[in-house]
Amino acid sequence: KKILFASLACAFLLSCNRDNDDNSSSSSVVGKWKITKYLTISGKDKTTILDSETNSGCEASDSFEFKSDKTYIFNYYDDSTGSCKVTDTLNGTYSYNSSTKILSIIDNGTTENNEIFKITNSEMQIITDTDDYNNDGVVDMEIAVFAKQ
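Remember, it's a predicted structure, so these values are computed and weren't measured experimentally.

Visitor: Could you give me a rundown of the packing of aromatic side chains, with the residues and numbers involved?
Guide: Per the stated rule, a full pass over the model turns up five aromatic pairs. Plain terms: the ring middles of Phe64 and Phe66 are 5.7 Å apart, the flat faces sit at 5° to each other, and that makes the pair stacked. Per residue, the accessibility class of Phe64 equals that of Phe66, and both read buried. Through pairs of rings, three or more aromatic residues link up here, namely Phe64, Phe66, Tyr72, Phe74, Tyr94 and Phe146.

Visitor: Can you explain the state of the cysteines? Please cite residues and give values.
Guide: Any covalent bond linking the sulfur atoms of two cysteines counts as a disulfide. Throughout the structure, instances matching the rule amount to one disulfide. The disulfide that involves Cys58 links it to Cys84, with 2.0 Å between the sulfurs. Given an S-S torsion of about 85°, the disulfide between Cys58 and Cys84 has right-handed geometry. Linking Cys58 in the loop between β2 (49–54) and β3 (63–66) with Cys84 in the loop between β4 (71–78) and β5 (85–97), this pair joins segments that are 26 residues apart in sequence. A residue is classified by how much of its surface remains accessible, and Cys84, at 40% relative accessible area, is partly exposed.

Visitor: Can you lay out the nonpolar core for me, pointing to particular residues and giving the numbers?
Guide: If you look at the biggest cluster of nonpolar residues, it comprises 20 residues, and the most contacted ones within it are Val29, Phe66, Tyr94, Leu103, Ile116, Met124 and Phe146. Only β1 (31–41), β3, β4, β5, β6 (102–107), β7 (110–119), β8 (123–131) and β9 (140–148) provide two or more residues apiece to this core. Setting aside its immediate chain neighbours within four residues, Leu103 contacts Val29, Phe66, Tyr94, Ser95, Tyr96, Glu112, Asn113, Asn114, Ile116 and Ile126. Formed by six residues, the second largest nonpolar core is a distinct cluster that contains Leu39, Ile41, Met141 and Val145.

Visitor: Can you break down the pairing of β9 residue by residue, with the values?
Guide: Where β1 meets β9, eight bridges bridge the pair, whose relative direction is antiparallel. Residue pairing in the sheet places Lys37 in a bridge with Val145 of β9. Note that β8 and β9 share eight bridges and pair antiparallel. Looking at β9, one finds that Glu123 is bridged to Ala147.

Visitor: So what about the environment of Gln149? Which residues, and what values?
Guide: Tracing the sequence through the fold places Gln149 in the segment after β9. For Gln149 and Lys32, which are 117 residues apart along the polypeptide, the C-alpha to C-alpha distance reads 5.5 Å. Setting aside its immediate chain neighbours within four residues, Gln149 contacts Lys32, Trp33 and Lys34. A polar contact of 3.0 Å, which involves the side chain of Gln149, links it to the backbone oxygen of Ala147.

Visitor: So what about unusual backbone geometry? Which residues, and what values?
Guide: When glycine is set aside, most residues are seen to have a negative phi, and most peptide bonds are trans. Residues other than glycine seldom take positive phi values, yet Lys46 does so here, at roughly 60°. With respect to the element layout, Lys46 can be found in the loop between β1 and β2. One non-glycine residue, Asn108, adopts positive backbone phi at about 50°. Note on placement: Asn108 falls in the loop between β6 and β7.

What counts, and at which threshold
Residues numbered from 1 in each chain as written. Predicted model: local features only at pLDDT ≥ 70, side-chain atom pairs only at ≥ 80, totals over all residues. Heavy atoms only, no water. Phe/Tyr/Trp six-rings, centres within 6.5 Å; stacked < 30°, edge-to-face > 60°. Buried < 20%, exposed > 50% of the residue type's maximum accessible area, 1.4 Å probe, protein only. Disulfide = S-S within 2.5 Å. Helix = DSSP H or I, 4+ residues; strand = E, 2+ residues; numbered from the N terminus. Core = buried A, V, L, I, M, F, W, Y, C linked by side-chain atoms within 4.5 Å. Contact = heavy atoms within 4.5 Å. Pairing = 2+ DSSP bridges. Polar contact = N/O pair within 3.5 Å; in protein donor to acceptor, adjacent residues only side chain to side chain.

Shown next as structure tokens:
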């Protein structure tokens, strides 16, 4: 469950463009991030948004913290008991290759590689899945959009 959730959470990314953001490979994953929305992006032009869903409710409290020592802490929140509280915490190590934009999450000896679609100083977009969602013959992307806290 933990690896699957971490993989899914890392897989969801894409966001709005900000004029003052630096979309360069020098942007760092270090920091605390929260998923703000999920996007489906057209594979034809890689900019057209086919679907958008805002992350809301208790799930919006989930957070990833990537530390400079290459460790991470992920806090998963749940409200099934009536109040939104941390119900699971994942700890492990990670690596990030800014040239290939691959974020590798290591948990209990298992590595999950996640492709970063876009990263700036304030936003990170991770591809979570690919498929031809609009049936146009071109593979589209599902993206999770993270905002730096």
